[in-house]
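# Notes for the structure review
Single-letter residue listing:
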Amino acid sequence: MARAGWAGRASVLRVVSVNSDLPGVFAVGMRPNGVFAVGFLATGVVAVGEVATGVIAIGQLARGVIAIGQGAVGLVSAGQISFGVLWSMGQVGIGGTAGPNQAVWGLFPRLRRRRVLARLRREPWDSVPGQRRRPAWRLALSVTVLAGLTVGWWFAAGQPLVAALS
């Protein structure tokens, strides 16, 4: 019985879907939905368009796991205005950590290879003088803002992505 339902669903998926509401592997149009989607409201694993929602989203307003665009919301984001839960880069934005940027605020310092390896080996890395240490209130603020950023990402990008891909 479950197999008959799957066979019915498999026949709906096209290889190429052009200006159709039906999903396809390659979808093009105003509201394309597919694995590779190109168009205005693109939704797919790889989505390219004005308003793109996908695992990899590229567009003016991009949202997803990896988002690249003028306005980007993702776990990893790059753009003029970017919000990234784990990493963000661009002109203006906020992220868990910040990459090359102009005014992107990183909640936590950048990860350095030597520091990560020292932590994994449980070796002391360096001693920071008391004047240069991050105060506890800043760590609490960073964790709180990161939690809010994660919730905001889930409602702005995560839920629509899961709903579109399921």
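A short tour of the structure in this document, coming up.

Quick notes on the rules
- Residues numbered from 1 in each chain as written.
- Predicted model: local features only at pLDDT ≥ 70, side-chain atom pairs only at ≥ 80, totals over all residues.
- Heavy atoms only, no water.
- Core = buried A, V, L, I, M, F, W, Y, C linked by side-chain atoms within 4.5 Å.
- Buried < 20%, exposed > 50% of the residue type's maximum accessible area, 1.4 Å probe, protein only.
- Helix = DSSP H or I, 4+ residues; strand = E, 2+ residues; numbered from the N terminus.
- Contact = heavy atoms within 4.5 Å.
- Pairing = 2+ DSSP bridges.
- Axes fitted to C-alpha atoms, helices over the stretch in contact; angles between N-to-C directions.

What follows concerns the nonpolar core. In this structure, Ala-37, Ala-42, Ala-47, Ala-52, Ala-57, Ala-62, Ala-67 and Ala-72 together form the largest nonpolar core, which totals 8 residues. Elements that contribute at least two residues to this core include exactly strand E5 (51-58) and strand E6 (61-106). Top contributing element to this core by residue count: E6, with 3 residues. With near-sequence residues (within four places) excluded, Ala-57 lies in contact with Ala-47, Ala-52, Ala-62, Arg-63, Ile-66, Ala-67 and Ile-68. Counting 6 residues, the second-largest nonpolar core is a separate cluster that includes Ile-94, Leu-107, Leu-149 and Ala-157.

Quick look at the environment of Ala-27 now. Note on placement: Ala-27 falls in strand E2 (residues 24-29). In the structure, Ala-27 is positioned 17 residues away from Gly-44 in sequence and 8.8 Å away in space, judged by C-alpha atoms. Once residues within four sequence positions are removed from consideration, Ala-27 is found in contact with Ser-17, Pro-32, Asn-33, Gly-34, Phe-36, Ala-37 and Val-38.

Glancing now at the sheet that holds strand E1 (residues 14-18). Strands sit in the order E1-E2-E3-E4-E5-E6 across an open sheet of 6 strands; the sheet is parallel. Unpaired on one side and paired on the other, E1 and E6 mark the two borders of the sheet. The average undirected angle you get between the axes of adjacent strands in this sheet is 40°. Alignment of E1 against E2, held across 4 bridges, turns out to be parallel. Each residue of the ladder has a partner; that of Val-16, found in E2, is Phe-26. Across the face of the sheet, helix H3 (residues 136-165) comes into contact with strand E3 (33-39), strand E4 (43-48), E5 and E6 while running at roughly 160° to E6.

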